[in-house]
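# Secondary and tertiary structure notes
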Amino acid sequence: MVKITDLTLRDAHQSLLATRMKTEDMLPILEKMDQIGFYAMEVWGGATFDAPLRYLREDPWERLKKIRSIVKKTKLQMLLRGQNLVGYRHYPDDVCIAFVEKAYENGIDLFRIFDALNDLRNLEVTVKTARKVGAEVQICMVYTTSPVHTVDYYIDLAREIAAMEVDSIAIKDMSGILEPYVAYELVSRIKREVKIPINIHSHTTAGLAPITLIKAVEAGADIIDCVVSSMSMHTSHPPAETIAVALRGTPYDPKLDLKLLFKVSRYFWRVRQKYKEYDYALRNPPVDVRVIEHQIPGGMYSNLLAQLRQQAAEDKLGEVLEEIPRVRKDLGWPPLVTPLSQIVGTQAVVNVLMGDRYKLIIKEVKDYIKGFYGRPPAPINPNLIKKALGDEKPIKCRPADLLKPVLSEVKRKLPKDLVQKEKDYLTYAIFPEVAMDFFKWRKRFLERKIEEYEVMVPGSKFKVIVEEDIK
């Protein structure tokens, strides 16, 4: 029997709807989702921490708390970017430790943790903390293809991950480029080398993922990622109903409640209509096999187009798609996953628009070359190193070793009238400007609500009740 993890409430709407789905559209269907028979539901992490604060005026911690109050049977999973947590740079160890502790305390059962460079040094603190609090821990191998990212590379990486004593390994194919027979070989060999469950995560961008999942299951994969059908395909993931029916009656049958799954899918189809302005599927073809070459994750397309649109240069997209693999090669073949996908993509845009490669090197590329994101998979172009750093030498240590603790400073710095709960300090430590904007809005919103209720029902006693309700 293969287990299925559902990604509808995290990666599906992050891939298709720019992470814009509101908590109010998730809560009504959770009770049914909890009864389907999923191994886990990924509901938090990735961009679902940043986007609610930035665009939805929602506190991501409150979303997690509300989901946990309804989902009783199924494990709740989050995607954690190692030392990057849910942000786009490395954070000090004190922030990483506190974040994992609070995430577990507020309902996360399973931490899916990855590093964009597969640099396991950048996972040590979050993995150790998650194990310490008693959570289930899964480490991802970020999957890509390059002259250095061979099957043998991933077998060696799997051995290193297994030595960290985690509960499972995920093969994270964020671009949807894992081919079915490569998946079969990879899973078969890992299962022979290490005795640890394997989870397959593959996007449907190139149309390969449903076949890839089936071949991976035949090779011995223990867990596969799917989404409900109404939130599947394009840059999302394979439909759970399709995979469940394909495996029905076999030794791999996940035994999901299909009738309930159909109802949940219909619900999300209605919800999806509310977010048409963000819907990737309405403006793009269902399959894009070009991703096999440029390997751009789905969510990165909109970012590239926005950058080009600001410069009135949308016609340069083709040149940018050709430049991205060249930049990636110069930088030692980093996988195109957050935050490196944004970094490589932005530098490619700059190269094309400037008409002179690396005439301007963005700060994030310089930081990458300095080693602030970790070890590159292969040597960086020495000419680029010289141009970016001059005589300065890249660091050799774990990047976070250079970062000082900041939580005590954050607690002194953040105005007390903006703080509602301890977790606000973590939110501010990760996204200072975005958090400050949200906290100020929240304070104004709370004050307005209190004023409205006091007009309706005068008296300080009612004021206290209202404050608690809003929190």
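Residues numbered from 1 in each chain as written. Predicted model: local features only at pLDDT ≥ 70, side-chain atom pairs only at ≥ 80, totals over all residues. Heavy atoms only, no water.

## Remarks on the overall build of the protein
Across its full length, the protein holds 21 helices and 8 strands. The C-alpha radius of gyration computed for the protein amounts to 22 Å, which stays within 12% of the reference 23 Å derived for 471 residues, consistent with globular compactness. Projected onto its principal axes, the C-alpha positions of the protein cover 70 × 60 × 45 Å. The buried share of the protein, reckoned over its 471 residues, is 58%. Taking as baseline every contact in the protein between residues at least 6 positions apart, the subset at least 24 positions apart corresponds to 75%. Surface exposure of the protein reaches about 20,100 Å², of which carbon and sulfur atoms provide 53%. Of the charged side chains in the protein, 72 are positive and 64 negative; the average position of the first set lies 1 Å away from that of the second. (Helix = DSSP H or I, 4+ residues; strand = E, 2+ residues; numbered from the N terminus. Rg over C-alpha atoms; globule rule 2.2 N^0.38 Å. Buried < 20%, exposed > 50% of the residue type's maximum accessible area, 1.4 Å probe, protein only. Contact = heavy atoms within 4.5 Å. Areas by Shrake-Rupley, 256 points an atom, 1.4 Å probe, with all protein chains shown as cover. Lys, Arg positive; Asp, Glu negative; His and termini not counted. Charge placed at Lys NZ, Arg CZ, Asp CG, Glu CD.)

## Quick word on helix α5 (residues 93-105)
Helical periodicity: at 3.6 residues per turn, an α-helix aligns residues three or four positions apart in one direction. Look at α5: 18 Å from first C-alpha to last across 13 residues, which is about the 18 Å you get at 1.5 Å a residue. Residues of α5 that are buried: Val95, Cys96, Ala98, Phe99, Val100 and Ala103. (Expected span 1.5 Å × (residues − 1).)

## Topic: the sheet that holds strand β2 (residues 40-45)
Reading around the barrel, the 8 strands line up as β1-β2-β3-β4-β5-β6-β7-β8 and close back on themselves, with parallel pairing between neighbours. In this sheet, adjacent strand axes meet at a mean angle of 30° when their direction is disregarded. Judged from the 2 bridges that link them, strand β1 (residues 3-6) and β2 form a sheet pairing that is parallel. Its bridge partner lying in β2, Asp6 is registered against Met41. Packing of helix α8 (residues 180-193) onto the sheet brings it into contact with β5 (136-142), β6 (168-173) and β7 (198-202), and relative to β7 it is tilted by some 160°. (Pairing = 2+ DSSP bridges. Axes fitted to C-alpha atoms, helices over the stretch in contact; angles between N-to-C directions.)

## Brief notes about α8
Taking 1.5 Å as the rise per residue, α8 with 14 residues should run 20 Å; its terminal C-alpha atoms sit 20 Å apart, in good agreement. Along α8, the residues that are buried comprise Pro180, Ala183, Leu186, Val187, Ser188 and Ile190. Buried positions along α8 lie against β5, α7 (151-162), β6, β7 and α9 (209-219).

## Section: the pattern of salt bridges
Should the charged atoms of two oppositely charged side chains come close, the side chains can pair. Going through the model one piece at a time under the given rule, you end up with 38 salt bridges. Notably, a salt bridge pairs Lys386 with Asp391, separated by 3.0 Å at the nearest N-O pair. With a relative accessible area of 49%, Lys386 lands in the partly exposed category. Its relative accessible area of 66% is what places Asp391 among the exposed residues. Three or more residues are tied together by salt bridges with common partners; here these are Arg10, Asp11, Glu42, Arg112 and Asp225. (Salt bridge = Lys/Arg side-chain N within 4 Å of Asp/Glu carboxyl O.)

## Quick notes on empty space enclosed by the protein
The full count for this structure, using the stated rule, is 1 cavity of 30 Å³ or more. The computed volume of the largest cavity comes to approximately 70 Å³. Forming the boundary of the largest cavity are Arg81, Asn84, His90, Phe114, Asp115, Ala116, Leu117, Thr338, Pro339, Leu340 and Tyr373. Residue composition of the lining of the largest cavity, by class: 6 nonpolar, 3 polar and 2 charged. (1 Å grid on protein atoms, 1.4 Å probe; cavity = no way out; pocket = protein on both sides within 12 Å on 5 of 7 lines; lining within 4 Å. Points joined across faces, edges and corners; volume = space filled by probe spheres on them. Nonpolar A, V, L, I, M, F, W, Y, C, P; charged D, E, K, R; others polar.)

## Considerations on the pairing of strand β4 (residues 110-113)
Residues Leu110 and Arg112 of β4 are buried on one face, and the alternating residues Phe111 and Ile113, pointing to the opposite face, are buried as well. The parallel pair strand β3 (residues 75-80) and β4 is bridged by α5, and the resulting crossover is right-handed. Taken together, β4, helix α6 (residues 124-133) and β5 form a β-α-β motif whose crossover is right-handed. (Right-handed = clockwise from strand over helix to strand, strands pointing away.)

## Thoughts on the packing of α8 against α9
Two measures define how a pair of helices packs: the angle their axes make with one another and the distance between the axes. Contact geometry of α8 with α9 gives a least axis separation of 8 Å together with a crossing angle of 25°. With respect to each other, α8 and α9 are oriented roughly parallel. Crossing hand, α8 versus α9: right-handed. Residue-level inspection shows Pro180, Tyr181, Ala183, Tyr184, Val187, Ser188 and Lys191 of α8 in contact with α9, the latter providing Ile211, Thr212, Lys215, Ala216, Glu218 and Ala219. (Parallel < 35°, antiparallel > 145°, perpendicular 65-115°, else oblique. Left-handed = near helix turned anticlockwise from the far one by under 90°.)

## A look at the packing of α9 against helix α10 (residues 240-247)
At a minimum axis separation of 11 Å, α9 and α10 run at an interaxial angle of 40°. Here α9 is positioned oblique relative to α10, judged by the angle of their axes. As for how α9 packs across α10, the hand of that crossing is right-handed. Across from Pro210, Leu213, Ile214 and Val217 in α9, the residues of α10 making contact are Ile243, Ala246 and Leu247. In terms of residue class, the contact of α9 with α10 is built from 7 nonpolar, no polar and no charged.

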